[in-house]
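Analysis of the macromolecular model
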Amino acid sequence: MPTPSDVDIWPLLGVRIIVSDIELAPVDDRTALDLGRLAASGIHGNFLPFTTPWTRGSETEVARNVFRYQSRLRHDMSPEHWSLEFAARLDHTLIGVQSLEAERFPTTRSAESGSWLGQAWQGKGIGTLNRIAILTLAFEGLGAAEVTTSAWADNVASNAVTRKLGYEPNGEERLDREGRVTVQKRFRMSREMWEARGTDLRPHVQLEGVDALREWLGID
């Protein structure tokens, strides 16, 4: 019997998503360390775009937060609850993260996307391409019925991408953000909304290794 390959053991490692000159590939330990350094070099100024303050602290503390988080997600991943974390690279340069997470996906067919980019790559349209890539994986690769996302009301960049791609409002919450009440807006993209955009309205996205991932996650 042949020795199991890396992809046999962890099918997510075989997945690649390519759009334009951006490639999304799974985060492994080596990449998690590099992402920690990228995050430590700066994602935002005083404004905190995340629900937890993992970017606060020294450069070493921020890098360690990223590595611990990514390690925990892989440790806890199962068909019942998963977070697919992809490192985004532009012309082979590491620039950020795009994720897709879900619970009981084979039943609910609902997933939530999240992302961050290093400051040097913000405001260049990369966030839009990354979001299109993960939506393509969700709808065309995994058979999602809907994909949700959320952002603070004052996260102008994230909300601009969401509006541009045609999500519908899906409610809002008043939450504590570093001791101050802040509104978090929620949005939803249904399969019908995604398909109504037409392939001519979104760039071609290449998906690789999705069949083995679907089998592993129990997706028919």
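See the structure above.
This one's a predicted model, so the numbers in the text were calculated from it and none came from an experiment.

Some remarks on the pairing of strand β8 (residues 180-190)
The pairing of strand β6 (residues 146-152) with β8 spans seven bridges and is classified as antiparallel. Following the sheet pairing, T148 is matched in β8 by R188. One ladder, built from eight bridges, connects strand β7 (residues 168-177) with β8; its direction is antiparallel. Residue pairing in the sheet places E173 in a bridge with Q184 of β8. Where β7 folds back onto β8 in an antiparallel hairpin, the turn is made up of two residues, including E178, whose phi is positive at roughly 50°.

Remarks on the environment of E192
Note that E192 resides in helix α7 (residues 191-197). Along the primary structure E192 and A145 are separated by 47 residues, whereas in three dimensions their C-alpha atoms are 8.3 Å apart.

Brief notes about the nonpolar core
Among soluble globular proteins, nonpolar side chains are generally buried collectively. Within the largest apolar cluster, 41 residues are counted, with the highest numbers of intra-cluster contacts made by I17, W82, L84, F86 and L142. Looking at this core, the element that brings in the most residues is helix α5 (residues 126-141), giving nine residues. Apart from the residues within four sequence positions on either side, L142 is in contact with W82, L84, L100, F105, R109, L137, V210, L213, R214 and I219. By size, the runner-up hydrophobic cluster in this structure holds 13 residues, among which are V62, V66, A87 and L94.

About the criteria used
Residues numbered from 1 in each chain as written. Predicted model: local features only at pLDDT ≥ 70, side-chain atom pairs only at ≥ 80, totals over all residues. Heavy atoms only, no water. Pairing = 2+ DSSP bridges. Helix = DSSP H or I, 4+ residues; strand = E, 2+ residues; numbered from the N terminus. Core = buried A, V, L, I, M, F, W, Y, C linked by side-chain atoms within 4.5 Å. Buried < 20%, exposed > 50% of the residue type's maximum accessible area, 1.4 Å probe, protein only. Contact = heavy atoms within 4.5 Å.

Taken by themselves, the reported measurements are silent on function.
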